[in-house]
Amino acid sequence: MKVILLRDVPGTGKKNQVLNVSDGFARNYLFPRKWAVQATDKAVQEVEHQKEVERRKEAERRQNAQNIAQALEGKTITIEAKAGEGGRLYGSVTAQEVADALKKQFGTEVDKRKIELKDSIRQVGKTNIEVKLYLGISAKMNVDVVAVQ
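Residues numbered from 1 in each chain as written. Predicted model: local features only at pLDDT ≥ 70, side-chain atom pairs only at ≥ 80, totals over all residues. Heavy atoms only, no water.

Engineer: Sorry if this is basic, but what is going on with the overall build of the protein chain here?
Structural biologist: A count of helical and extended segments in the protein chain gives three helices and nine strands. When its helices and strands are written in sequence order, the protein chain yields β-β-α-β-α-β-β-α-β-β-β-β. In terms of C-alpha radius of gyration, the protein chain reaches 25 Å, well past the compact-globule figure of 15 Å for 149 residues. By the burial criterion, 29% of the 149 residues in the protein chain qualify as buried. Accessible surface for the protein chain amounts to roughly 10200 Å². Of this, 47% is attributable to carbon and sulfur atoms. (Helix = DSSP H or I, 4+ residues; strand = E, 2+ residues; numbered from the N terminus. Rg over C-alpha atoms; globule rule 2.2 N^0.38 Å. Buried < 20%, exposed > 50% of the residue type's maximum accessible area, 1.4 Å probe, protein only. Areas by Shrake-Rupley, 256 points an atom, 1.4 Å probe, with all protein chains shown as cover.)

Engineer: Which parts of the structure should I look at to understand the pattern of salt bridges?
Structural biologist: It is possible for side chains of opposite charge to pair when their charged atoms get near one another. Scanning all chains against the criterion turns up eight salt bridges. Of the charged contacts in the structure, one is a salt bridge between Arg55 and Glu52, with a shortest N-O distance of 3.2 Å. Of this pair, Arg55 and Glu52 are both found in helix α2 (residues 41-72), three residues apart, which corresponds to roughly one turn of the helix. For Glu58, the salt bridge identified is with Arg61, shortest N-O distance 3.1 Å. Here Glu58 and its partner Arg61 are both found in helix α2, three residues apart, which amounts to about one turn of the helix. Here Glu58 falls in the partly exposed class, since its relative accessible area comes to 32%. Residue class for Arg61 comes out partly exposed when judged on its relative accessible area of 36%. Residues joined in a network through salt bridges with shared partners are Glu52, Arg55 and Arg56. (Salt bridge = Lys/Arg side-chain N within 4 Å of Asp/Glu carboxyl O.)

Engineer: In this structure, what is going on with the packing of aromatic side chains? I would like to understand it.
Structural biologist: Aromatic rings in a pair are described by how distant their centres are and how their planes are angled relative to each other. Counted under the stated rule, the structure contains two aromatic pairs. Arranged with centres 5.3 Å apart and planes meeting at 20 degrees, the rings of Phe25 and Tyr29 form a pair that is stacked. Here Phe25 pairs with Tyr29, and both are found in helix α1 (residues 23-30), just four residues apart, close to one helical turn. Judged by its relative accessible area of 28%, Phe25 falls in the partly exposed class. Each ring, one from Tyr29 and one from Trp35, has its centre 5.4 Å from the other, and the planes form 85 degrees; the classification is edge-to-face. (Phe/Tyr/Trp six-rings, centres within 6.5 Å; stacked < 30°, edge-to-face > 60°.)

Engineer: Explanation requested: unusual backbone geometry in the structure shown.
Structural biologist: Glycine aside, the phi torsion of most residues is negative, and most peptide linkages are trans. Phi is positive for Asn16, close to 65 degrees, though the residue is something other than glycine. Mapped onto the secondary structure, Asn16 falls in the loop between β1 (2-5) and β2 (18-20). Despite not being glycine, Lys34 has its phi angle at roughly 60 degrees, a positive value. With respect to the element layout, Lys34 can be found in the loop between α1 and β3 (36-38).

Engineer: How should the side chain of Thr108 be read in this particular structure?
Structural biologist: Considering the arrangement of structural elements, one finds Thr108 in the loop between α3 (95-106) and β6 (115-116). In this structure, Thr108 is in contact with Ile68, Leu72, Leu102 and Lys103, ignoring residues within four places of it in sequence. (Contact = heavy atoms within 4.5 Å.)

Engineer: Looking at this structure, how should I read the sheet that holds β2?
Structural biologist: As a general point, the strands of a sheet are linked pairwise by backbone hydrogen bonds and lie either parallel or antiparallel. Read across the open sheet, the three strands follow the order β2-β1-β3; overall the sheet is antiparallel. Of all strands in the sheet, those with a lone pairing partner are β2 and β3, marking the two edges. Neighbour to neighbour, the strand axes of the sheet diverge by 35 degrees on average, direction disregarded. Pairing of β1 with β3, which is carried by three bridges, proceeds in the antiparallel orientation. (Pairing = 2+ DSSP bridges. Axes fitted to C-alpha atoms, helices over the stretch in contact; angles between N-to-C directions.)

Engineer: Before we go on, may I ask you to explain α2 in this structure?
Structural biologist: Three or four residues apart is the spacing at which side chains of an α-helix point the same way, because the helix has 3.6 residues per turn. When the terminal C-alpha atoms of α2 are compared, their 47 Å separation across 32 residues agrees well with the 46 Å that a helix rising 1.5 Å per residue should span. Structurally, α2 contributes buried residues whose contacts are with β1, β3, α3, β8 (125-134) and β9 (137-148). Looking one or two residues beyond α2, the residue adopting positive phi is Gly74, at roughly 80 degrees. (Expected span 1.5 Å × (residues − 1).)

So, to be careful, I would describe these as geometric facts and stop short of saying anything about function.
This is how it looks when you write it as C-alpha cells:
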C-alpha cells in the first residue's frame, strides 16, 4: 500500500515521503496513530505543492541572508564601554551587546547566538567577529570598543 508519512517515523521514513509499505503495517500502525495517509493522486499532488512552496521559501530566506551578509561585510560596529587604566574594561562586551549595537547602528536584527566571539571582549580596541546569518552564509565584521569617561 502506498502511503504518505505525516511525520518522521524511525526506521521507516521522513515526513512527506511517499512509501510503499505492507497493508497491515499501514492499517494497524501508521493510520491509527495518524502518522500517515493513503497516497491518492490528490494527496501526492498536495505534498509536491507543499515541497515546492517550502523550496521557494528556503530560497527566499537564503537570498535575504546573502543580501544582509553583503551589506554587513567589513563594517565596523562601535561600542562604548567604561574602561580603567591601560584600556582594560571594567566588565566585558558580550554577544548581546554586539547584537544590540548592530541593530542600533545598521538596523539589522541578529540573534546573539549567531554572533561568534572567540572570547568576551575585555580590552579597548578593534576585534574581528563573525556573524553567521544562515547555513553557510556569514559576514566578517569589526567591533571597535572605545573607552567612556
